[in-house]
Structures are given as C-alpha cells and as structure tokens.
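Topology and contacts: notes
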Amino acid sequence: MNPDEAGASDRAFALLQDLLPQHALSRLMHRIARSTTPLVRDTLIRAVLRGYPQIEMRDAAQPDPLAYPSFNAFFTRALRADARVVEGGAGDLVSPVDGTVSQLGQVSAGQMLQAKGVHYTPAALLADEAAAARYEGGAFACIYLAPYNYHRIHMPLAGRLLATRYVPGALYSVSASTVRAIPGLFARNERVVCEFDTAIGPMAMVLVGALFVGSIETVYAGEINPPGARGGVVRSVADGVGTEFAKGAELGRFNMGSTVILLAASAALRFSDRFGPGAAVRLGQLLARA
C-alpha cells in the first residue's frame, strides 16, 4: 500500500474515534493538565519525557521540567530568546511553529490537498465563503505539531489582525493516519481562524483543535474555547482586532498538540525546495519567498 493512502488500520482508527466521547475526554485533559498537585504534575511530565526523548529542554527558558507549576505550563513552555532564528526578508514567509509539514502548495480551483486523493476547501476551513475567495491561487502550508514539539504559535509575517473566529467542530486526532482516512478533517475539527492584513496581502492562520487538545489560546484574547465555551455556532472574537504583530511575534498556543494551517493570498510566493510533506520544520525557518 502507498504510505500516503488510507489503509484498513487508518480507517479502523478513524472509526474508533467516532465512538469516543471526544469533547468529554478533552475536558478531562484540560482539568488534569492544569493540576498543581505534585504527584499528578510530576507523573505526567516524567511520562512524556520518557515517551518523547526528542523533547529539547535546553531550548526552554526554564530548562528544569519539574519547575513548572502544572503539566500544561510545562507543555506550553516558552523558548529561550535566542533559541530560534527568524529567516528571510519582510515579505518572506517563515514557519510559525516547530512541527512536521503535512502538505504545502497552491490553492487551485477552490481546493487544498489534505492527503493523497483527499482534498478540502478554504471555504469550509475558514467557515467564510468571502474570506476563502481571497486565497484562490495563493499558497497554503499545513504543519502538524507532535507532543514533543514546542507548542506556541508565532507570526510567519508581520501583520495587522483583522478578525478572529471560533468554529465549533469535532475533535478527531490530527495524526497522519487520521488525515489519510477522514475527508475534510481540518474543516470538521474545532478551530480558531485568525485573519491578517500583511505587506504581501491577506493571510490567515487556522489553529486546528484535536483529540485531547484542552483548548486554544491567543495572546490577545486568552483561552478561546475553555470548557463550557465549546460548541454552539461560529462566533467572532472582538478582542485584539487592529493589533499589529511583528514577524516572529507570539500569536498563541495549543494546550496539547495539533495542527496549524497557513493561507497566504499572494500568488507570487514560492516554497523552499528543502520542505515537502514529511519534512521537519522549525519556527522561523524560511518556507516561501515572495
């Protein structure tokens, strides 16, 4: 079987997730991850460090993992100021996160590639037909954050915040297996859409929720979807509109791992040859030149 195509095990995993109480599990994770009880906090942190030896505590502003007040504080830890370099010029697009490239390319005929043979639309992803029209012919990049990655999200370009939308949805895993098996996965999951005006035109950052993702935060509005504020209908978030963000500035964070999808309207962007599906990428590395 082609590794980019869904197999029986991928479909079985997707079916299992349909049977799980996705939102209840995420509410439970939200509560446990914020516990300051030393036994709970230290047990979780030690388990993650054993399970993911790739975690680079030397890059953290606080390198002692047991100095954090909760598991969530450890998981969303800040980096040292000099831990990442923001590459390129003012109009060049850099990675907003540490992660793994899932897909990147051009928006064509209102379609974006999710996995081999699987597409979805900007209109469904952004939950706004008018916004989606701006990105036809532009560029998109989808980056997956594993549990061992740094979990804060930064600006790939300087920009002014135009709008933020909370879009309710499911909480499927965003692992490669589920991405292959569930059509329109990113447009089905809960997400936060942030839209900006930049020097090269409109840009959107979509912060996609997932199974066990306790919530999504932005630096200007705090937790967008804490327990008790999830579900319902698409709603606008007025906080932060008009805020100017520098390239590389922190935008938000995932409380547990997930995916960021970046959309840029500029048809002049050309992706770097060093990145393709499956490639590891770090915050600040050059993704595309204008």
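As the structure is a computational prediction, the values presented were derived from the model and not from experiment.

1. Quick notes on the overall build of the protein
Summing up its helical and strand segments, the protein has 8 helices and 18 strands in all. Each principal axis of the C-alpha distribution contributes one length, and for the protein these read about 50 × 45 × 40 Å. Counting only residues that meet the buried cut, the protein has 54% of its 290 residues in that class. Of the contacts made within the protein by residues no fewer than 6 positions apart, 76% connect residues no fewer than 24 positions apart. Carbon and sulfur atoms make up 57% of the accessible area of the protein, which amounts to about 11800 Å² in all. Between the averaged position of the 27 positive side-chain charges in the protein and that of its 24 negative side-chain charges there is a distance of 4 Å.

2. A word on the packing of aromatic side chains
The full count for this structure, using the stated rule, is 7 aromatic pairs. Note on phenylalanine 71 and phenylalanine 75: the rings are 5.6 Å apart at their centroids and 40° apart in plane angle, and the pair reads as tilted. Of this pair, phenylalanine 71 and phenylalanine 75 both sit in helix H4 (residues 71–75), separated by 4 residues, roughly a single helical turn. Judged by centre distance (5.7 Å) and plane angle (65°), the rings of tyrosine 120 and phenylalanine 186 are edge-to-face. Taken together, the positions of tyrosine 120 in strand E4 (residues 118–120) and phenylalanine 186 in helix H8 (residues 185–188) put the pair 66 residues apart, joining distant regions of the chain. With respect to class, tyrosine 120 is no different from phenylalanine 186; both count as buried. If you follow arginine 77 out to its NZ or CZ, it ends over the ring of phenylalanine 74, 4.7 Å from the centre.

3. Comments concerning helix H3 (residues 38–51)
Along its 14 residues, H3 runs 20 Å from first to last C-alpha, staying within 8% of the 20 Å computed at 1.5 Å per residue. Those residues of H3 lying buried are Arg41, Asp42, Ile45 and Val48. Projected onto a plane normal to the axis of H3, the buried residues spread over an arc of 135° and lie on a single side. Away from its buried face, by an angle of more than 90 degrees, H3 presents the exposed residues Leu39 and Arg50. In this structure, the buried side of H3 is in contact with H4.

4. Observations concerning the sheet that holds strand E10 (residues 215–218)
The 4 strands lie next to each other as E6-E14-E10-E11, forming an open sheet whose pairing is antiparallel. Two strands lie at the open edges of the sheet, namely strand E6 (152–154) and strand E11 (222–223), each paired on one side alone. Two elements, E10 and strand E14 (residues 250–255), share 4 bridges in a ladder whose sense is antiparallel. For threonine 218, the partnering residue across the bridge sits in E14 and is glycine 252.

Definitions and cut-offs
- Per-chain numbering applies: the sequence of each chain, read as written, is numbered from 1 onward.
- Where totals are concerned, whole chains, interfaces and linings use all residues; where local detail is concerned, this predicted model gives features only for residues with pLDDT of at least 70, and gives and counts side-chain atom pairs only at 80 or more.
- Hydrogens and water are ignored here; the side-chain numbers use all heavy atoms of the structure.
- In this description a helix means any DSSP run of H or I spanning at least four residues, a strand means any run of E spanning at least two, and both kinds are numbered starting from the N terminus.
- Burial classes follow relative accessibility: with a 1.4 Å probe on protein chains only, a residue under 20% of its type's maximum area counts as buried, one over 50% as exposed, and anything between as partly exposed.
- Any two residues having at least one pair of non-hydrogen atoms within 4.5 Å are treated as being in contact.
- Calculation of accessible area relied on Shrake-Rupley with a 1.4 Å probe; when residues are assessed, cover is drawn exclusively from the protein chains displayed.
- Charge assignment: positive for Lys and Arg, negative for Asp and Glu; neither His nor the chain ends contribute.
- Charge placement uses NZ in Lys and CZ in Arg. For Asp and Glu, CG and CD serve respectively.
- Each aromatic pair joins two rings of Phe, Tyr and Trp (for Trp, the six-membered one) with centres within 6.5 Å, and gets the label stacked for planes under 30 degrees apart, edge-to-face for over 60, and tilted for any other angle.
- Placement of a positive charge over a ring is assigned whenever Lys NZ or Arg CZ falls within 6 Å of the ring centre and within 35 degrees of the normal to the ring plane.
- To estimate how far a helix should extend, the number of its residues minus one is multiplied by 1.5 Å.
- Directions pointing from the helix axis toward each C-beta atom define the arc.
- For two strands to be treated as a pair, DSSP must find at least two bridges joining them.

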